[in-house]
Amino acid sequence: QSKKILELPEWLKSSPKVTFEDLDFDVYDVSAKYKAPYLLIVANSNGSFKNVKSLRDLTKAHITKLESIRTKGKSLFKESKQVDEKYARVFVKYPSDFHRFHIHITSIDFNDGLAENMHLLSKIINHLNITFPEESKQVEEANQTSQLATENQGGPKSGNIQKEEEKEAQQVDSLEQGYYQRVQ
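One structure accompanies this document, and this report is about it. (Residues numbered from 1 in each chain as written. Predicted model: local features only at pLDDT ≥ 70, side-chain atom pairs only at ≥ 80, totals over all residues. Heavy atoms only, no water.)

1. With respect to the overall build of the chain
Thinking step 1. If you tally the helices and strands in the chain, you get eight helices and six strands.
Thinking step 2. When the 184 residues of the chain are sorted by exposure, 41% land in the buried category.
Thinking step 3. Across the chain, the fraction of contacts at a sequence separation of at least 24, relative to all contacts at a separation of at least 6, is 61%.
Thinking step 4. Summing over all exposed atoms, the chain offers an accessible surface of approximately 10,700 Å²; the carbon and sulfur share of this is 48%. (Helix = DSSP H or I, 4+ residues; strand = E, 2+ residues; numbered from the N terminus. Buried < 20%, exposed > 50% of the residue type's maximum accessible area, 1.4 Å probe, protein only. Contact = heavy atoms within 4.5 Å. Areas by Shrake-Rupley, 256 points an atom, 1.4 Å probe, with all protein chains shown as cover.)

This is the structure in structure tokens:
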């Protein structure tokens, strides 16, 4: 793969970086470009996502990191942009603007023609869980401890996470619908 393809666009290189506690990703504040609260979380060239160019390259092995990035990213968005986490939209665009995996965080009232190629990160994680169920079961069994077994008597942990993700996706969809109804 050509290094030129994986280079960041000039407009992003000149955007301010935000301190982030994950060594695999860099965060850029692109609010000035979009004239709205907007962060981009970009896989750096040395991390575990260095070979991921778009959401099509994601596998079951990426789920834990994606969940962590989603949680940390929403928290950072709240701290840096003063937007409540429940109004944060965390998504991946496909096709992408450039060929290095990155995650967008905006408020749900921001619409810049994104809807047609926007994929909520929570739905991507759910899709990965559904697409690779056997692998999920093997990973889960390998990681299960007696404490986890006690805590999760009602079912596997991934099921609980999936329910949480579905609830959040429904909440975001509901908030977006309410916003668009008010705007029209």
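There's more to say after this.
2. What about the pairing of strand 3 (residues 38-43)?
Thinking step 1. Burial runs high along strand 3: six of the six residues are buried.
Thinking step 2. What you see with strand 3 is no split at all: Tyr38, Leu40 and Val42 on one side and Leu39, Ile41 and Ala43 on the other are buried throughout.
Thinking step 3. In this structure, strand 2 (residues 25-29) lies alongside strand 3, joined through five bridges in antiparallel fashion. By the bridge assignment for strand 3, aspartate 29 is matched with leucine 39.
Thinking step 4. By the bridge criterion, five bridges tie strand 3 to strand 5 (residues 102-107) in an arrangement that is antiparallel. The residue of strand 5 that forms the bridge with tyrosine 38 is threonine 106. (Pairing = 2+ DSSP bridges.)

3. Observations regarding the environment of leucine 120
Thinking step 1. When you line up the elements, leucine 120 lands in strand 6 (residues 118-120).
Thinking step 2. In sequence terms leucine 120 and histidine 104 are 16 residues apart; their C-alpha atoms lie 9.4 Å from each other.

4. A word on the environment of serine 45
Thinking step 1. Mapped onto the elements, serine 45 comes out in the loop between strand 3 and helix 4 (63-81).
Thinking step 2. By relative accessible area, which is 49% here, serine 45 ends up partly exposed.
Thinking step 3. When the C-alpha positions of serine 45 and aspartate 26 are compared, they lie 9.8 Å apart, and in sequence the two are 19 residues distant.

5. Comments concerning the sheet that holds strand 4 (residues 88-93)
Backbone-to-backbone hydrogen bonds pair the strands of a sheet. The strands run either parallel or antiparallel.
Thinking step 1. Pairing is antiparallel in the open sheet, where six strands are placed in the order 1-2-3-5-4-6. Where the open sheet ends on each side, the last strands, each with one partner, are strand 1 (17-18) and strand 6.
Thinking step 2. Strand direction decides the pairing type here: strand 1 and strand 2, joined by two bridges, are antiparallel. Note that in strand 2 the partner of valine 18 across the bridge is valine 27.
Thinking step 3. Here helix 5 (residues 121-131) sits on the sheet and contacts strand 4, strand 5 and strand 6; the angle it forms with strand 6, its principal contact strand, is near 70°. (Axes fitted to C-alpha atoms, helices over the stretch in contact; angles between N-to-C directions.)

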